[in-house]
Amino acid sequence: MKTSLLAFLLAAVLALFVQYRLRVVVGSSPVAVFLPDLPALPTSQQKLQTIERVGENDLVGPESLVVFQGYIFAALGDGRIVRLKERGQNMEWTTLVRTGGSGLDDICSPWSGPSDLRNTESICGRPLGLIYVNRSSVDQKYQADDAEEEVLIVADSYKGLLMVTGIFGAKAQIQVLATKVTGETDQLTLLNSVVQTPDGSLYVSQTSQHFERRRIFQAALDGRSTGRLLRFNPTKGSLDAVVDSLFMPNGMALSHEKTAILIVCGVQILRYSLEKGVMQSFVDVMMGTGDNVKSHTHLPTGQKQLCYWVGYGSKYAKPFNLLYILADKPWIKGIVQALVPHSILIQLIPKFTAFGVYDENGILLKLFRDPDGSFPWISEVEPMGDWLYFASWYNPYLGRMRMRDLFLP
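Keep in mind the model is a prediction, meaning the values are calculated, not measured. (Residues numbered from 1 in each chain as written. Predicted model: local features only at pLDDT ≥ 70, side-chain atom pairs only at ≥ 80, totals over all residues. Heavy atoms only, no water.)

## Quick look at the state of the cysteines
Rules: Here, two cysteine sulfur atoms that lie within 2.5 Å of each other are counted as a disulfide. By definition, any uninterrupted DSSP run of H or I lasting at least four residues is a helix, any uninterrupted run of E lasting at least two residues is a strand, and each is numbered from the N terminus. A 1.4 Å probe rolled over the protein chains alone gives each residue an accessible area, and that area as a share of the maximum for its type sets the label: buried under 20%, exposed over 50%, partly exposed in between.
Per the stated rule, a full pass over the model turns up 1 disulfide. With a sulfur-sulfur separation of 1.9 Å, C108 is cross-linked through a disulfide to C124. Looking down the S-S bond of the C108 and C124 bridge, the torsion is -105°, so its handedness is left-handed. With C108 in helix α2 (residues 105–108) and C124 in helix α3 (residues 121–124), this residue pair connects regions lying 16 residues apart in the sequence. C124 carries the same exposure label as C108, and that label is buried.

As structure tokens, this is what we get:
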């Protein structure tokens with residue numbers, strides 16, 4: 001009798017502890033999510049050779065890249081946006097801005113890691129989405145005298161929607177475009193990607209309204225579809241919600257015909273029609289959890305074809321995926337969230353180095369993969385010159401590989 005009572009009390013205490021951790025510390029109310037069945041990896045894969053590391057422990061967590069006029073612009077994990085240039089076989093880079101502001105080197109360096117162990121991201125900033133546009137298309141006060149100025153538009157997961165000017169000079173500056181949705185009082189959380197449509201509007205993905213970037217895996221386990229597609233109107237200076245109740249919207253790309261936006265949502269890609277305002281499926285299930293998607297006019301091998309390149313995070317394929325196993329079991333997800341630290345949770349996920357190339361109809365053309373997992377959590381791949389550049393929010397360096405190495409056995 002005493003043993004049974006003791007067991008009951010211990011179970012009750014554990015249950016209360018889990019609930020406290022889950023509700024108060026983590027801030028989660030997990031729900032069941034029904035994900036697509038795991039696909040089988042294609043038997044025909046293009047092997048990725050060794051990926052070279054660039055700027056190790058300085059170019060940390062390069063989530064997003066922009067290639068423009070012979071430069072690469074990268075959004076880093078410590079809040080910096082840098083400009084890189086090839087110099088022969090080497091790379092040189094210059095810091096343009098830190099989205100959290102200047103004078104923060106002592107706080108933001110060294111990098112706090114992909115799990116933000118020192119809790120500095122909210123101070124330093126965490127730029128994710130990055131594109132370049134003409135300044136006059138987004139800044140109504142700008143008067144172009146002799147030539148148009150190209151600027152960077154940044155989706156920062158803590159600081160909002162930003163514009164960076166002077167990107168080719170020595171004194172780049174940040175201008176805040178929006179930090180709240182029109183009519184709302186809460187500061188935006190976890191802005192992720194940004195694209196510009198032909199009418200000048202900026203569409204922004206918000207991955208979660210409840211979780212910060214540093215706890216993005218908690219958002220995935222939580223399961224609530226609180227993500228949104230937002231639209232910034234440059235003329236009015238307003239940011240409005242266009243579509244809500246999305247599950248983990250992430251990277252975005254304008255379709256080749258410029259009439260739709262492709263949005264990576266978990267292990268799927270959706271297609272939002274700009275003309276009809278309708279969301280449809282584009283890719284029912286990917287081989288991995290998707291990150292960024294980019295429109296390209298050629299394959300990574302150089303062959304001309306309209307296509308989309310998608311970076312994969314973790315593997316979502318047979319025989320096993322942790323997210324798939326737990327998705328429809330909220331009580332187990334709650335225990336995992338409450339008891340397993342976020343930094344350890346990331347380490348438990350098997351390393352996967354891959355990206356997929358899809359045609360205009362959402363059909364997978366080729367899976368590029370390194371079976372050894374040497375560069376995990378690819379967020380996107382960008383070509384420049386003779387190289388493919390690999391971005392990752394996880395790794396403390398930028399990756400690159402010669403295009404010709406794709407043809408090696």
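## Examining the pattern of salt bridges
Side chains that differ in charge, positive against negative, can pair when their charged atoms come close. Where we set the bar: Any Lys or Arg side-chain nitrogen found within 4 Å of a carboxyl oxygen on Asp or Glu counts as a salt bridge.
This structure, assessed with the given rule, holds 17 salt bridges. Residues D58 and R80 are paired through a salt bridge, measuring 2.9 Å at the closest nitrogen-oxygen approach. Here D58, found in the loop between β2 (52–54) and β3 (64–68), pairs with R80, found in strand β5 (residues 80–87); they are 22 residues apart in sequence, far enough to count as distant. Given the relative accessible area of 9%, R80 is considered buried. When the shortest N-O distance is used, the salt bridge between E184 and R228 registers 2.8 Å. Of this pair, E184 sits in the loop between β10 (173–178) and β11 (191–196) while R228 sits in strand β13 (residues 227–233), placing them 44 residues apart in sequence. Judged by relative accessible area, E184 falls into the partly exposed class, the value being 33%. Here R228 falls in the buried class, since its relative accessible area comes to 5%. Several salt bridges converge on common partners, so that one network encompasses D58, D78 and R80.

## Some words on the nonpolar core
Inclusion rule: Throughout, nonpolar core names a set of buried Ala, Val, Leu, Ile, Met, Phe, Trp, Tyr and Cys residues whose side chains join them through atoms within 4.5 Å. The contact criterion used is simple: two residues touch if any of their non-hydrogen atoms lie within 4.5 Å.
Counting 26 residues, the largest nonpolar core has L35, F217, L221, M248, W377 and W393 as its most contacted members. When residues of this core are assigned to their parent elements, the largest contribution, 5 residues, is made by helix α4 (residues 216–222). Excluding anything up to four places from it in sequence, L221 contacts P30, L323, L326, K333, V336, Q337 and L345. One finds V151, M163, L202 and L239 within the second-largest nonpolar core, a separate group that totals 19 residues.

## Some details on the packing of aromatic side chains
Short version of the rule: Only centres within 6.5 Å qualify two rings of Phe, Tyr or Trp (six-membered ring in Trp) as a pair; their planes then separate them into stacked at under 30 degrees, edge-to-face at over 60, and tilted for everything else.
For the coordinates displayed, the defined rule picks out 19 aromatic pairs. Where F355 meets F368, the ring centres are 4.8 Å apart and the plane angle is 5°; that geometry is what we call stacked. Remark: F368 occurs in strand β22 (residues 364–370) and F355 occurs in strand β21 (residues 353–358); sequence separation between them is 13 residues. Here F355 and F368 have matching classes, each one buried. Among the aromatic side chains, those forming a connected cluster through ring pairs are W309, F355, F368, F375, F390 and Y397.

## Quick look at the environment of R21
We apply this condition: Counted as a polar contact is a pair of N or O atoms within 3.5 Å, where, for protein atoms, one must be capable of donating a hydrogen and the other of accepting one, and residues adjacent in sequence contribute only when both atoms are in side chains.
Topologically, R21 is positioned in helix α1 (residues 2–26). Note: C-alpha distance between R21 and L339 (318 residues apart in sequence) is 7.8 Å. The contacts of R21, once residues within four sequence positions are left out, are V26, G27 and A338. From its side chain, R21 meets the backbone oxygen of A338 in a polar contact 2.9 Å long.

## Details of the pairing of strand β19 (residues 288–298)
Convention followed: Pairing between strands is defined by DSSP: at least two bridges between the two strands are required.
The element β19 is largely enclosed, with a buried count of 8 among its 11 residues. Summarising the sheet, β19 and strand β20 (residues 304–315) pair through 7 bridges and their orientation is antiparallel. Across the sheet, the residue bridging to G288 is K315, located in β20.

## Thoughts on the sheet that holds strand β4 (residues 71–75)
Where we set the bar: All axes here are fitted lines through C-alpha atoms, helices being fitted over the stretch that makes contact, and every angle between N-to-C directions spans 0 to 180 degrees.
Taking strand neighbours across the sheet as the criterion, the 4 strands line up as β3-β4-β5-β6 in an open arrangement whose pairing is antiparallel. What marks the edges here is a single partner per strand, and that holds for β3 and β6 (90–98). Between one strand axis and the next, the sheet turns through 25° on average, direction left out of account.

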